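Inside the fold
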Amino acid sequence: MADERKDPQGTEGTDGGKGAKGANEVDRADGADGEDRTPRGPRAARPAREAREALAWEELVATARRTVTEGLVVGTSGNVSVRVGDTVLVTPSGVPYDRLGPDDITGVDLTGRQTVGGLTPTSELPMHLAVYRATDARAVVHTHAVHATAVSTLVRELPAVHYMTGALGGPVRVAPYATYGTPELADHVLHALTDRSACLLQNHGTLTHGATLAQAYDRSAQLEWMCRLWLTASSVPGLTPTLLTPSQLTAATEKLRGYGQPGPQPGPQPDPR
C-alpha cells in the first residue's frame, strides 16, 4: 500500500501531502473509521474477473442445454467447458443441464484444483484439462452423439466423405477406447487431436474444441452430420461412397480458411488471455 500522509489542511494523498489526485488515481473508499478501503492489487481485479466468469458460465449452460435439445447427448451425458484466463469453467457431474443456474458455477485451475463453486466438476475433467494444456483451445464440447459414436465402432478414421472434413483439420481420427475420466483416455484424445480440432472416441462419443463455445459446438454438430452422411451412404447395398482425394481435400481446406465474415464475429468473443 502506498505511503499516505495528511497535509496541514487535512487532505490525504500519495503525492507528499499535496492532496491533489493524479490522472491515474481513484476516489478512496473510506470505512467508518476513516481507514482507506479502496481495493488494490488482486482484490481490485476480482470483480471484473467474476463478471467475465459469470457471462462465460451463462453461455456454457446455454451450450450444454443445446447439446440435449439437438440430440447430441441424452440426460447428463457429455460435458462442456470454457477457459476464462487461467480458470476452466466446466459442467458439474451428474446435474441435469436444465437445472443449472448462476449459483451453480463450477471452475478449476489448469491443475484441476477447484477454485470456483462447490459442485463436483465433470468426471471427464482430465480430458478437458489435457486439451487446454496442449492446445490453444478456449472451449471444449464432448458429446455422445449417436451417429458419431456408431462410426467410432466401425473405423479408425472417418472417411473424407465431405469437404467439411477440412474445417476440422483433416480426416477425423478415432481415439482408442479407455475408461472414461482416466488419464489414459486423455492421452488417447490428445494423440487423435494432433493437427485436428475434433476426434471420435471409440465406443464413446466425440470431442471438439475451438476459440469460442459457439465454434466448438458447431464443430460437434458438423462432425455428427458427417458421420450420419457416411453411414447413410455406406448403407446402400452394392455401392461404395466416393471419397475426396487428398488434393481435393487440401483445396477445400484452403478455401474454408477464408469462409465467413472478416474481423470480430457477432456474439461473445474469446477471452484473449
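The shown structure was predicted, so the numbers you read here are calculated from the model rather than taken from an experiment.

Here we look at the overall build of the protein chain
Tallying secondary structure elements over the protein chain gives 6 helices and 10 strands in all. Counting all 273 residues of the protein chain, 40% fall into the buried class. Restricting to contacts in the protein chain with at least 6 residues of sequence separation, those with at least 24 account for 60%. For the protein chain, the accessible surface area stands at approximately 15100 Å², while carbon and sulfur atoms represent 54% of it.

Here we look at the nonpolar core
Within the largest apolar cluster, 19 residues are counted, with the highest numbers of intra-cluster contacts made by V131, V189, C199, L201 and L207. Mapped onto this core, the elements with two or more residues apiece are β4 (87-90), α2 (125-134), α4 (183-192) and β9 (198-201). At 5 residues, α2 tops the list of elements feeding residues into this core. The residues touching L201, leaving out its near neighbours within four places in the chain, are M127, H142, S152, V174, A175, L185, V189, T206 and L207. By size, the runner-up hydrophobic cluster in this structure holds 18 residues, among which are W57, L60, V82 and L213.

Comments concerning unusual backbone geometry
Of note in the backbone geometry, D195 takes a positive phi value of approximately 60 degrees without being a glycine. Residue position: D195 is located in the loop between α4 and β9. Residue class for D195 comes out exposed when judged on its relative accessible area of 65%. Although it is not a glycine, N203 sits at a positive phi angle of roughly 50 degrees. When you line up the elements, N203 lands in the loop between β9 and β10 (205-210). With a relative accessible area of 48%, N203 lands in the partly exposed category.

Some remarks on the pairing of strand β3 (residues 79-84)
Taking burial as the measure, the 6 residues of β3 include 6 buried ones, the bulk of the element. A two-sided burial pattern is seen for β3, the buried positions comprising N79, S81 and R83 on one face and V80, V82 and V84 on the other. In terms of strand pairing, β3 meets strand β7 (residues 139-143) through 4 bridges, oriented antiparallel. Note on β7: the bridge partner recorded for V82 is A139. As paired elements, β3 and β4 share 4 bridges and run antiparallel to each other. Paired with R83 across the bridge in β4 is V88. Connecting the antiparallel pair β3 and β4 is a turn made up of 2 residues, with G85 showing a positive phi of about 65 degrees.

Looking at the side chain of T143
Within the fold, T143 resides in strand β7. Looking at T143, its side chain comes within polar contact range of the main-chain nitrogen of A145, at 3.3 Å. Within the structure, the side chain of T143 is placed 2.7 Å from the side chain of T206, a separation counted as a polar contact. Ignoring sequence-local partners within four residues, the contact set of T143 consists of L72, V73, G78, H204, G205, T206 and S220.

Regarding the sheet that holds β7
Spatially, the 8 strands line up as an open sheet ordered β6-β5-β4-β3-β7-β10-β9-β8, and their pairing is mixed. With partners counted over all chains shown, the strands left at the sheet margins are β6 (114-116) and β8 (174-175), one partner each. The strands that α4 touches are β8, β9 and β10; relative to β9, the one it contacts most, it runs at about 135 degrees.

Conventions and cut-offs
Per-chain numbering applies: the sequence of each chain, read as written, is numbered from 1 onward. For a predicted model such as this one, the threshold for reporting local features is a pLDDT of at least 70, and the threshold for listing and counting side-chain atom pairs is 80 or more; totals across whole chains, interfaces and linings nevertheless cover every residue. Neither water nor hydrogens contribute to the side-chain values; these are computed over all heavy atoms in the structure. What counts as a helix is a DSSP run of H or I of at least four residues, what counts as a strand is a run of E of at least two, and both are numbered from the N terminus. Between buried and exposed lies partly exposed: a residue is buried under 20% and exposed over 50% of the maximum accessible area for its type, with that area taken using a 1.4 Å probe on protein chains only. By definition in these notes, contact holds between two residues if any of their heavy atoms fall within 4.5 Å. Accessible surface area values rest on a Shrake-Rupley calculation with a 1.4 Å probe, where residue burial reflects the displayed protein chains alone. The term nonpolar core refers to a set of buried residues drawn from Ala, Val, Leu, Ile, Met, Phe, Trp, Tyr and Cys, joined through side-chain atoms within 4.5 Å. Any two strands with at least two DSSP-identified bridges between them are counted as paired. Under this definition, polar contacts are N or O atom pairs within 3.5 Å; protein pairs additionally need one hydrogen-donor-capable and one acceptor-capable atom, and for neighbouring residues in sequence, both atoms have to be side-chain atoms. Axis definition: a line fitted to C-alpha atoms, over the contacting stretch in the case of helices. Angles run 0 to 180 degrees between N-to-C directions.

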